[in-house]
Amino acid sequence: MESIIFWNYRGARKREASLYLREIVKDYKGFFVGLTETKISSIDRSDVNQIIVSEWDYYLHPSSGNSGGILILWKKEFASFEMVDHSSQVVIGQLITNALVPMVKVRHLPIVASDHAPISINIVENHNQKSGFIRFEDTWKTYPATWNIILKAWKKMDYGSNAEILQRKLRRAVKALYCRNRNKCHDLNLLRDELKKEILMLQTEEANEGGLMVDKLKLLRNKVQELNVTLSRLSTWWNQRSKIRWQHDGDINSNIFHQYASAKRNGNMIWQVKDENGTVVDDLEQIEAVFYSFFQQKWSARTCKLSDWPPCPEILQIFKEDTDMLNLDFTKEELTKAVFMQGYNKSPGLDGITMPFFKFYWKIVEDETWKAIDYFFKNGVMFNEWKDTLLILIPKIKKPILPSNYRPISMCQSTYKLVATMILNRMKGFIANFITEEQAGFLHGRSIYDHCLLAQEVIHKLRMSKRKKGLMAVKLGMEQAYDNMN
């Protein structure tokens, strides 16, 4: 993890400052260093070798008397620096390096040998690219050739249970689409720019010549059509990453949504967290260990009393006709309804399959999907792989620092979502009749805001009441119901 370092040096010829700078560069793998307040009016190679090692090149804006002075250092084998402009306050230039900068992390280092803290800008590798996780991209289905790719992958013979066959076909199909996209599809941004240049050249030629030949006119139309398709694919690509409904609401693919998607990606990184001793850790392995320990304790088995529950009131019991309806065999039509009622821009589980995959290629995947799900409903045993979920930590507050500031959500696999939706559709018609009115959330026709309004009315009553004995309200802070599992 390389880094860029800035420091108000307060005198470059101090031996302790030079030793600390070398230590910083070594510990944080610095390749570019900017030093201010060096108090140096001139410098040569031997001076640079004393400040840092000989493999570094330099540029100095000299000091004015006993103040100022900006020294720029960069590692020659790793980067180069082209100065554009400079003054006593700033040096502007272009840093050229082979290092990729997907993300950066800024940290303030300990104050040593100066009264200012060095600032380290660490270049963080994109760990998501190393996971081997393949996700279905919505842009893939815009290529006509993908239909034949899915058909070819689906027709291969597989052996095993219906669920095993379905999982193999899904993995094979997504991998085939991924390989095709990696090898044959152009980078959309690069393709867009190339098409714009070619269209501009043809239109300029048309304006200068007073027209185009038939073959060039046909080429121009094809380029314009290809550009429109590319722009549409770019919109789809950004929409899938921004996770907001701007496309469905009729807004345009503008920079605000690009920034939203980039901020969302950066916000998914956890840079630091406090452990159980109150110590802040920022190493990725240590952060992982802190979260693992926290949730291991939180989700450990606990003693629960499962006897002596009060009997269920008769009014809350399920009627016989509802029981008969629940016991009916599921049909393929119910599965089809469950597929097409799923949302579009939803994150996938470990299988990498999004619901647009099922919707677009439903005619191909319908039969195998139904066989696997129908087998589960008739035998009551779910394929273990369907139950594997991807746990994601969502921050509860703007600046989370404790493990308890995050709430985990489980990204279920697509097949599991379809099974759950089919069961839910059966229960929707009568489930609200058997849940008391005190439960306001997570039920169709009810809202948690009803409780918020009720609480406001209660507090208003307490404030306005003139009773001599007074009134009291008690707020119970109850831990999340699903945080404790047995």
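(A) Molecular detail of the overall build of the protein. Secondary structure summary: the protein contains 14 helices and 12 strands in total. Of all intrachain contacts in the protein linking residues separated by at least 6 positions in sequence, the fraction that spans at least 24 positions is 59%. On the protein, roughly 31,900 Å² of surface is accessible, and the fraction owed to carbon and sulfur atoms is 54%.

(B) Looking closely at the nonpolar core. Grouped together as the largest cluster of nonpolar side chains are 33 residues, with contacts concentrated most on Leu-335, Phe-357, Phe-358, Val-365 and Trp-386. Secondary-structure elements contributing two or more residues to this core are helix H3 (145-155), helix H4 (162-184), helix H10 (332-340), helix H11 (355-360), helix H12 (362-379) and helix H13 (414-427). Top contributing element to this core by residue count: H12, with 7 residues. Setting aside chain neighbours within four positions, we find Phe-358 in contact with Leu-170, Val-339, Ile-353, Val-365, Thr-369, Ser-414 and Leu-418. With 20 residues, the next largest nonpolar core counts Tyr-20, Val-33, Val-48 and Trp-56 among its residues.

(C) Highlighting the pattern of salt bridges. Using the criterion set out here, one finds 12 salt bridges in the structure. Lys-320 serves as the salt-bridge partner of Asp-324, at 3.1 Å between the closest nitrogen and oxygen. Taken together, the residues span about one helical turn, with Asp-324 and Lys-320 both in helix H9 (residues 320-327) at a distance of 4 residues. For Asp-324, a relative accessible area of 37% translates into the label partly exposed. The exposure class assigned to Lys-320 is exposed, which follows from its relative accessible area of 60%. We note a salt bridge from Glu-334 to Arg-426, for which the minimum N-O separation is 2.8 Å. Of this pair, Glu-334 sits in helix H10 while Arg-426 sits in helix H13, and the two are 92 residues apart along the sequence. The structure contains a network of salt bridges with shared partners spanning Asp-158, Lys-169 and Arg-172.

(D) Focus on unusual backbone geometry. At Glu-37, a position not held by glycine, the phi torsion is positive, near 55°. In this structure, Glu-37 sits in the loop between strand E2 (30-36) and helix H2 (45-51). One non-glycine residue with positive phi stands out, namely Lys-39, at about 60°. Mapped onto the elements, Lys-39 comes out in the loop between E2 and H2. On the basis of relative accessibility, which here comes to 39%, the residue Lys-39 falls in the partly exposed class.

(E) Local environment of the packing of H12 against H13. Close contact between H12 and H13 brings their axes to 11 Å; oriented N to C, the two are set at 55°. Relative to H13, the element H12 is oriented oblique. Crossing hand, H12 versus H13: right-handed. Contacts between H12 and H13 involve Thr-369, Trp-370, Ile-373, Phe-376 and Phe-377 on the former and, on the latter, Thr-415, Leu-418, Val-419, Met-422 and Ile-423. Classifying every residue of the contact of H12 with H13 gives 8 nonpolar, 2 polar and no charged.

(F) Structural view of the sheet that holds strand E1 (residues 3-8). Across the sheet, which stays open at both edges, the 6 strands sit in the order E3-E4-E2-E1-E8-E7 with mixed pairing between neighbours. Each end of this open sheet is capped by a strand with a single partner; those strands are strand E3 (56-61) and strand E7 (103-108). Within the sheet, the average angular offset between the axes of one strand and its neighbour, ignoring direction, is 15°. Strand direction decides the pairing type here: E1 and strand E8 (residues 119-124), joined by 4 bridges, are antiparallel. Bridge assignment links Ser-3 to a residue of E8, and that residue is Asn-122. Running over the sheet, helix H1 (residues 15-28) touches E1, E2, E3, E7 and E8 and is turned about 160° from E1.

(G) Representation of helix H14 (residues 449-464) within the structure. For H14, built from 16 residues, the straight-helix expectation of 22 Å at 1.5 Å per residue is met to within 8% by its first-to-last C-alpha distance of 23 Å. Here H14 lies mainly on the outside; 0 of its 16 residues are buried.

(H) Layout of the pairing of E1. Most of E1 is tucked away, with 5 of its 6 residues classed as buried. Note that E1 and E2 share 6 bridges and pair parallel. Pairing of Ile-5 across the sheet is with Val-33, part of E2.

(I) Inspection of the packing of aromatic side chains at higher detail. Taken as a whole, this structure holds 22 aromatic pairs when the rule is applied. Measuring from ring centre to ring centre gives 4.9 Å for Phe-31 and Phe-78, while their planes differ by 50°; the resulting arrangement is tilted. Of this pair, Phe-31 sits in strand E2 while Phe-78 sits in the loop between strand E4 (70-75) and strand E5 (79-86), and the two are 47 residues apart along the sequence. Phe-31 gets classed as buried once you look at its relative accessible area, which sits at 2%. Among the residues examined, Phe-78 registers a relative accessible area of 28% and is labelled partly exposed. On the basis of an interplanar angle of 90° and a centroid distance of 6.5 Å, the ring pair of Phe-340 and Trp-362 is categorised as edge-to-face.

Criteria and thresholds
- All chains use their own residue numbering, which begins from 1 and follows the written sequence.
- In keeping with the predicted nature of the model, local features appear solely for residues at pLDDT of at least 70, side-chain atom pairs appear and are counted solely at 80 or more, and the whole-chain, interface and lining totals rest on all residues.
- To get the side-chain values, take all heavy atoms of the structure and skip hydrogens and water.
- By definition, any uninterrupted DSSP run of H or I lasting at least four residues is a helix, any uninterrupted run of E lasting at least two residues is a strand, and each is numbered from the N terminus.
- Residues count as neighbours in contact if any of their non-hydrogen atoms are within 4.5 Å of one another.
- Using a 1.4 Å probe, the Shrake-Rupley method yields the accessible areas, and only the shown protein chains count as cover for residues.
- Only buried Ala, Val, Leu, Ile, Met, Phe, Trp, Tyr and Cys residues count toward a nonpolar core, and they belong to the same one when joined by side-chain atoms within 4.5 Å.
- Residue exposure (1.4 Å probe, protein chains only): buried if accessible area is under 20% of the type maximum, exposed if over 50%, otherwise partly exposed.
- By definition, a salt bridge exists where a carboxyl oxygen of Asp or Glu is found within 4 Å of a side-chain nitrogen of Lys or Arg.
- Axes, fitted as lines to C-alpha atoms, cover a helix only where it is in contact. Angles between the N-to-C directions of the axes lie from 0 to 180 degrees.
- Should an angle fall under 35 degrees it is called roughly parallel, over 145 degrees roughly antiparallel, and 65 to 115 degrees roughly perpendicular, with every other angle called oblique.
- Crossing handedness: left-handed means the near helix sits turned counterclockwise from the far one by under a right angle, and right-handed means the same turn made clockwise.
- Following the grouping adopted for this structure description, the nonpolar residues are Ala, Val, Leu, Ile, Met, Phe, Trp, Tyr, Cys and Pro, the charged ones are Asp, Glu, Lys and Arg, and the polar ones are all others, Gly among them.
- Pairing between strands requires that DSSP locate at least two bridges from one strand to the other.
- Take the residue count of a helix, subtract one, and multiply by 1.5 Å to get its expected span.
- We call Phe, Tyr and Trp rings a pair once their centres come within 6.5 Å, taking the six-membered ring for Trp, and we label the pair stacked below 30 degrees between planes, edge-to-face above 60, and tilted otherwise.

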